[in-house]
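# Commentary on secondary and tertiary structure
Residues per chain are reported as follows:
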Amino acid sequence: MDKLIIHGNIPLQGEVRISGAKNAALPIIAASLLSPAPVRICNIPHLHDVTTIISLLGQMGASLTLDERFNIEVNASNVNCFHAPYELVRTMRASILVLGPLLGRFGEADVSLPGGCAIGTRPVDQHLKALQAMGADIQVENGYIKAKTKGRLQGTTIVMDIVTVTGTENIMMAAVLAEGQTAILNAAREPEVEDLANFLNTLGAKITGAGTSTIVIDGVKELGSGTYHVLPDRIETGTYLTAAAITRGRVKIKDTRPDILDSVLLKFEEAGAHISTGTDWITLDMKGNRPRAINISTAPYPAFPTDMQAQMMALNTVAEGTGMITETVFENRFMHVQELQRMGAQILLKGNTAICTGIDKLLGAPTMATDLRASASLVLAGLAAEGETSVHRIYHIDRGYERIEEKLSQLGARIQRIPSKD
Ligand code: EPU
């Protein structure tokens, strides 16, 4: 397992290009199972999770070809296996995203039940309940979700008990080929949900309202072919903005979408950053100043994203004043706190709130990544810290950040990937 070694305390400066969004690319690749015609998907990020979903679709009989720019052509005309094995699902929970498309097009799916994970129990009851309401027969046996339907799924009105991103996506995908109209109320409004709907509409689906809390899908008999460009990653964008803010530097982020980052950009301004934006770029300049502590409460979009919580916690560790961060989406997403404390951070945990009093300088230390965004927060802390920080188990980071050490090096960071046995 590789580790990252960082020599911190250098203000980052320069430009960085943002990759396609992991959390849009994964459902879009899964959704290509819905069409018997070839589909081309561009701006796919080069990430471990993407490789996992590609091999999952390959095992099902789809043919996937990648060009040198990591654009993917998927041909799902010969899919003949509807099985997502435990061995793959346990490495990536997002594999559950094949459930809706398989059931919608083939009337059958056999998908391993994802277990709990480092950030919470993460059940999939909402996915299953909605598919049952559409007429699917679902049994959970031997750790597998065994779903079947006679004929097409039936459109209906579904009220989600809680806002769930992949839950909304699974139902939307299942409804595309269902008979009649499906309405999803209390749907997730995340830009990645809207991107998936735009992709499906490109192939001939009839979806309206994505990006709002009511999504309406009029079932069609078959999808066709099409080419689609995945939207930029807003969490990768926010992470590089934090890298500049935490080191009192300045950065220009290119190939991004400021319009889907309102809640995050407002928090950087509260922290004292000077922000400018254009259609596809953002600049952040700290003018050499120490950030101010900020208060955050995570919640579904358009509120502050849970996927940026750990990075903002790193920022608060070196900020002026005391900031409170409340995590409302996942029950156990504070695993980075103990690691940040090992670098000297002053953080007190009270239930689902972390109260952090900023200190002048963190001190480099060996640290251990526990999940994707927690690892990002440790890299960020290492960039600000005096001395050497090592971040172990960075396979977590490779799941969601494309070439992170190269992109940070371009900004002037001293960061190196070292093969490691532990
Ligand atoms: N939940 C249920 N029942 C369900 C579904 C969800 O109780 O059937 C709960 C979850 O346990 C959680 C909350 O609802 O407490 C929200 O979970 P959600 O279903 O929205 O999360 P997800 O779809 O599993 C996606 C992203 C996550 C991101 C969350 C929240 C993908 C592939 N993953 O997960 O991304 O944190 O939405 O925005 O889109 C990441 O990229 O690091 C990551 C974890």
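Our subject in this report is the structure included herewith. (Residues numbered from 1 in each chain as written. Predicted model: local features only at pLDDT ≥ 70, side-chain atom pairs only at ≥ 80, totals over all residues. Heavy atoms only, no water.)

## Side note on the overall build of the protein
Helix and strand counts for the protein stand at 14 helices and 24 strands. The C-alpha radius of gyration of the protein comes to 21 Å, within 12% of the 22 Å expected for a compact globule of 422 residues. Here the C-alpha coordinates of the protein stretch approximately 65 × 45 × 45 Å along the principal axes. Put simply, the protein has 422 residues, and 57% of those count as buried. Expressed as a percentage of contacts within the protein between residues at least 6 apart in sequence, the contacts between residues at least 24 apart total 73%. Put simply, the protein shows about 16,200 Å² of open surface, and 48% of that area lies on carbon and sulfur atoms. (Helix = DSSP H or I, 4+ residues; strand = E, 2+ residues; numbered from the N terminus. Rg over C-alpha atoms; globule rule 2.2 N^0.38 Å. Buried < 20%, exposed > 50% of the residue type's maximum accessible area, 1.4 Å probe, protein only. Contact = heavy atoms within 4.5 Å. Areas by Shrake-Rupley, 256 points an atom, 1.4 Å probe, with all protein chains shown as cover.)

## Considerations on empty space enclosed by the protein
The method is simple in principle: a probe with the dimensions of a water molecule rolls over the atoms, and the space it marks as empty is what remains. Across all of its chains, the model carries 1 cavity of 30 Å³ or more by this definition. Estimates place the volume of the largest cavity at around 40 Å³. What lines the largest cavity is simply Thr 239, Tyr 240, Ala 243, Ala 376, Val 379, Leu 380, Ile 404 and Leu 408. Mapped onto the lining of the largest cavity, the elements with two or more residues apiece are helix H8 (234–246), helix H12 (372–384) and helix H14 (404–410). Residue classes in the lining of the largest cavity are distributed as 7 nonpolar, 1 polar and no charged. (1 Å grid on protein atoms, 1.4 Å probe; cavity = no way out; pocket = protein on both sides within 12 Å on 5 of 7 lines; lining within 4 Å. Points joined across faces, edges and corners; volume = space filled by probe spheres on them. Nonpolar A, V, L, I, M, F, W, Y, C, P; charged D, E, K, R; others polar.)

## Some remarks on the packing of H8 against helix H10 (residues 309–317)
Closest axis-to-axis distance for the H8/H10 pair is 10 Å, and the angle between their directions is 5°. Of the possible angle classes, the one that applies to H8 and H10 is roughly parallel. Each of Ile 235, Thr 239, Thr 242, Ala 245 and Ile 246 in H8 lies in contact with H10, whose residues at this interface are Gln 311, Ala 314 and Leu 315. For the contact of H8 with H10, the per-class residue count stands at 5 nonpolar, 3 polar and no charged. (Axes fitted to C-alpha atoms, helices over the stretch in contact; angles between N-to-C directions. Parallel < 35°, antiparallel > 145°, perpendicular 65-115°, else oblique.)

## Quick word on the nonpolar core
In this structure, Val 98, Val 176, Phe 199 and Leu 200 are the most contacted members of the largest nonpolar core, which totals 82 residues. Per-element tally for this core: the top contributor is helix H1 (residues 22–31), with 7 residues. Excluding residues that lie within four positions of it along the chain, Val 176 makes contacts with Leu 34, Leu 200, Ala 205, Ile 207, Ile 217, Asp 218, Gly 219, Val 220 and Leu 223. Among the nonpolar cores identified, the runner-up in size contains 64 residues, and Val 16, Ile 253, Ala 376 and Leu 378 belong to it. (Core = buried A, V, L, I, M, F, W, Y, C linked by side-chain atoms within 4.5 Å.)

## Some remarks on the environment of Gln 416
Within the secondary structure, Gln 416 is located in strand E24 (residues 414–419). The exposure class assigned to Gln 416 is partly exposed, which follows from its relative accessible area of 48%. Gln 416 sits 412 residues away from Leu 4 along the chain, and the two C-alpha atoms are 5.6 Å apart.

## As for the sheet that holds strand E4 (residues 63–66)
Taken in spatial order, the 4 strands line up as E4-E5-E3-E14 in an open sheet, and their pairing is mixed. Two strands close off the open sheet at either side, each with one partner strand: E4 and strand E14 (226–229). Taking each pair of neighbouring strands and ignoring which way they run, the sheet shows an average axis angle of 20°. The sheet contact formed by strand E3 (residues 39–42) and strand E5 (residues 72–75) spans 3 bridges and is antiparallel. Following the sheet pairing, Ile 41 is matched in E5 by Ile 72. In the packing of helix H7 (residues 191–202) onto the sheet, contacts are made with E3 and E14, and the angle to E14 comes to roughly 160°. (Pairing = 2+ DSSP bridges.)

## Remarks on the packing of H1 against helix H2 (residues 48–60)
Running from N to C, H1 and H2 point in directions that differ by 5°, and their axes come no closer than 10 Å. The orientation of H1 with respect to H2, classified from their angle, is roughly parallel. Where H1 abuts H2, its residues Lys 22, Leu 26, Ile 29 and Ala 30 lie against Asp 49, Val 50, Ile 53 and Leu 57. Partitioned by chemical class, the residues of the contact of H1 with H2 number 6 nonpolar, no polar and 2 charged.

## Regarding the pairing of strand E9 (residues 144–148)
Taken together, the 5 bridges between strand E7 (residues 108–112) and E9 define a ladder with antiparallel strand orientation. The residue bridging Val 111 from the neighbouring strand is Ile 145, located in E9. Of the strand pairs in this sheet, strand E8 (residues 137–141) and E9 are connected by 5 bridges, and their pairing is antiparallel. Bridge pairing in E9 places Glu 141 opposite Tyr 144. Counted along the chain from E8 to the antiparallel partner E9, the turn is 2 residues long, and its residue Asn 142 has a positive phi close to 50°.

## A word on the layout of surface pockets
Reported here for the second largest pocket is a volume of approximately 540 Å³. Around the second largest pocket sit 23 residues that line it, and Ile 18, Ser 19, Gly 20, Asn 43 and Glu 402 are the ones nearest its centre. Secondary structure elements with two or more residues in the lining of the second largest pocket: strand E2 (13–17) and H14. For the lining of the second largest pocket, the class distribution of residues is 9 nonpolar, 7 polar and 7 charged.

## Here we look at the site of the ligand
Residues in close proximity to the ligand total 21 residues, the closest being Thr 164, Thr 166, Asp 307, Val 329 and Arg 373. Take Lys 22: an N or O atom from its side chain is 3.1 Å from an oxygen atom of the ligand. Gln 126 places a main-chain nitrogen or oxygen 2.8 Å from an oxygen atom of the ligand. Considered on its own, the ligand offers 840 Å² of accessible surface; in the complex 87% of this is hidden by protein. Among the secondary structure elements, those contributing two or more residues to the shell around the ligand are H1, helix H5 (125–133), helix H6 (165–176) and H12. Broken down by element, the shell around the ligand gets its largest block of residues, 3 residues, from H5. Looking at the shell around the ligand residue by residue, the classes come out as 9 nonpolar, 6 polar and 6 charged. (Near = heavy atom within 4 Å. Polar contact = N/O pair within 3.5 Å; in protein donor to acceptor, adjacent residues only side chain to side chain.)

## Observations regarding unusual backbone geometry
Residue Pro 302 follows Tyr 301 across a cis peptide bond; omega there is 10°. Within the fold, Pro 302 resides in the loop between strand E18 (296–297) and H10. Of note in this structure, Asn 43 is not a glycine but carries a positive phi near 60°. The residue Asn 43 is located in the loop between E3 and H2 in this model. For Asn 43, a relative accessible area of 23% puts it in the partly exposed group.

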